[in-house]
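Coordinate analysis (summary)
Here is what each chain is made of, one letter per residue.
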Amino acid sequence: MNLFSLKKLVLASALLWSAPTWAMHIMLDPGHGGVDTGAVHGAAREADLVLKVAQRLKALLEKDEQFKVTLTRAQDRNISLPARVKMAEDAKVDLFVSLHANAASDQRAKGVEFFFQNNLPPDEESLFLASQENQMILNSKELHDISGGDELSKKGDIAAIIEDLHRQNRMASSLRLTQTLTHVWNNDENASQATIKQAPFYVISKTSMPSVLIEIGFLTNPREAKKLLTTDYQADLAQKIYSALLSYKEKMDNRTAKTLN
Ligand SMILES: [Zn+2]
């Protein structure tokens, strides 16, 4: 059997084994906490604001049986970045969403930013971005399942294929979620501007599942900081992220269903 056939076999098995309905386990990671306050400008403390938004988002996700949700921290306490990653890996979550707030030397800087980690070298990156709509997407749990316990997985080529699929899947899913988030923001004419960026933030670089980091706004922009301190705006942010997660899950489910037919 050549590598291409093996790849197809691995994909087909993973898709057949996926359950028709499943709860996506999301780990929400409010950044900073405890002695690490994050950015502070006037009354706005990053660690507090992201925790408030995370708790509101958790409440929305908990009401929906399509999701299972865990927080890296539910209080104002300090957790190291490696400990956050370990929590996500140990719980084998499907998605890792880290929440932060921005600060910039230019007070005019504003809006939300969605970061995903791309491990491809720059020349491959453009190719990947161009072709990613045609990629077959698997969720990371399915790939974990086929890499463990299966006799074939002892073979190095299978391991390499799984590694490759896993990396592509993680990146494509992370990008898809950032695009979905941007779409939600762009559909609301009152929403602040939304930008997709790439940066090697520790938590999104080291987690093995799809992950995004959301900068919810600039504390250094006086108007934005004022909004971020209101419960209405915090609720709006949580609702928007929740809508994007719903639509992301729907896309993942449809993709699996389409591939099976
Ligand atoms: Zn931060």
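Details of the structure are given in the entry above.
These notes cover the structure that comes with them. (Residues numbered from 1 in each chain as written. Predicted model: local features only at pLDDT ≥ 70, side-chain atom pairs only at ≥ 80, totals over all residues. Heavy atoms only, no water.)

**A look at the overall build of the protein**
Let me state the cut-off plainly: What counts as a helix is a DSSP run of H or I of at least four residues, what counts as a strand is a run of E of at least two, and both are numbered from the N terminus. Three exposure classes are used, based on accessible area relative to the maximum for each residue type with a 1.4 Å probe and protein chains only: buried under 20%, partly exposed in between, and exposed over 50%. Throughout, a contact is declared for two residues whenever any of their heavy atoms are within 4.5 Å. Each accessible area is a Shrake-Rupley estimate made with a 1.4 Å probe; only the visible protein chains count as cover when residues are assessed.
From N to C terminus, the protein includes 9 helices and 8 strands. A burial count over the protein gives 48% of its 261 residues as buried. Residue pairs at least 24 apart in sequence account for 83% of intrachain contacts in the protein once pairs closer than 6 positions are excluded. Only carbon and sulfur atoms are counted for the fraction: they give 53% of the accessible area of the protein, which is about 12,800 Å².

**Some remarks on the coordination of the zinc ion**
Filter applied, for reference: Water is not part of the atom set, so a site may look incomplete; the donors themselves are N, O and S atoms within 2.8 Å of the metal, or 3.2 Å for Na, K and Ca.
The protein atoms that coordinate the zinc ion are H32 (NE2), E46 (OE) and H100 (ND1), at distances of 2.0 to 2.2 Å. In primary-sequence terms, the residues that donate to the zinc ion follow H-x13-E-x53-H. Here H32 is found in the loop between strand 1 (24-30) and strand 2 (40-41), whereas its partner E46 is found in helix 2 (residues 46-62), with 14 residues between them in sequence. When sorted by exposure, H32 lands in the same class as E46, which is buried.

**Digging into the pairing of strand 6 (residues 112-116)**
This is how the line gets drawn: Being paired, for any two strands, means DSSP has found at least two bridges between them.
Across the 5 residues of strand 6, 5 count as buried, placing the element largely inside the fold. Of the two faces of strand 6, both are covered, the one formed by V112, F114 and F116 as well as the one formed by E113 and F115. Bridge count for strand 6 against strand 7 (residues 194-198) is 5 bridges, and the pairing is parallel. Each bridged residue has a counterpart across the sheet, and for E113 the counterpart in strand 7 is T195. Pairing of strand 6 with strand 8 (residues 211-218), which is carried by 3 bridges, proceeds in the antiparallel orientation. Bridge pairing in strand 8 places F115 opposite L213.

**Here we look at the packing of aromatic side chains**
Threshold: To pair, rings of Phe, Tyr and Trp, with the six-membered ring standing in for Trp, must have centres within 6.5 Å; the planes then decide the type, stacked if under 30 degrees apart, edge-to-face if over 60, and tilted in the middle. A ring has a charge above it when a Lys NZ or an Arg CZ is no more than 6 Å from the ring centre and no more than 35 degrees off the ring normal.
Tallied over the entire structure, the rule returns 3 aromatic pairs. When the centroid spacing of 5.3 Å and the interplanar angle of 65° are considered together, the rings of F114 and W185 count as edge-to-face. Residue F114 is found in strand 6, and its partner W185 is found in helix 6 (residues 156-186); the two are separated by 71 residues along the sequence. Judged by its relative accessible area of 0%, F114 is buried. When the ring centre of W185 is taken as origin, the NZ or CZ atom of K240, which lies over that ring, is 5.9 Å away.

**Here we look at the environment of E65**
Along the chain, E65 turns up in the loop between helix 2 and strand 4 (67-71). Between the C-alpha atoms of E65 and M24, which are 41 residues apart in sequence, the distance is 9.1 Å.

**Considerations on a positive patch on the surface**
As a reminder, the rule being used: Only residues above 30% relative accessible area that lack a salt bridge enter a patch, with like-charged residues linked at up to 9 Å and the nonpolar side chains Val, Leu, Ile, Met, Phe, Trp and Tyr linked at up to 5 Å. Put simply, a salt bridge is a Lys or Arg side-chain nitrogen that is within 4 Å of an Asp or Glu carboxyl oxygen. Charge counting follows a simple rule: Lys and Arg are positive, Asp and Glu are negative, and His as well as the terminal groups are ignored. Charge positions are represented by NZ for Lys, CZ for Arg, CG for Asp and CD for Glu.
Taken together, the side chains of K110, R223, K226 and K227 make up a positively charged region of the molecular surface. For K226, the position within the fold is in helix 8 (residues 222-228). On the basis of relative accessible area, K226 is assigned to the exposed category, the value being 65%.

**With respect to helix 2**
The following threshold applies: Multiplying 1.5 Å by the residue count of a helix minus one yields the expected span of that helix.
With 17 residues, helix 2 extends 24 Å between its outermost C-alpha atoms, agreeing within 8% with the 24 Å of an ideal straight helix rising 1.5 Å per residue. Every buried residue belonging to helix 2 is among E46, A47, L49, V50, L51, V53, A54, L57, L60 and L61, and all of these are buried.

**Considering the sheet that holds strand 7**
We apply this condition: Working convention: axes come from line fits to C-alpha atoms, limited for helices to the stretch in contact. Angles between N-to-C directions cover 0 to 180 degrees.
Across the sheet, which stays open at both edges, the 6 strands sit in the order 4-1-5-8-6-7 with mixed pairing between neighbours. Of all the strands in the sheet, the pair left with one neighbour each is strand 4 and strand 7. The sheet shows a mean angle of 25° between the axes of neighbouring strands, taken without regard to direction. In this structure, strand 1 lies alongside strand 5 (residues 95-102), joined through 5 bridges in parallel fashion. Residue pairing across strands places L28 opposite V97, the latter belonging to strand 5. The strands touched by helix 3 (residues 81-91) within the sheet are strand 1, strand 4 and strand 5, with strand 1 carrying the most contacts at an inclination of about 170°. The sheet strands contacting helix 6 are strand 5, strand 6, strand 7 and strand 8, and the helix crosses strand 6 at an angle near 170°.

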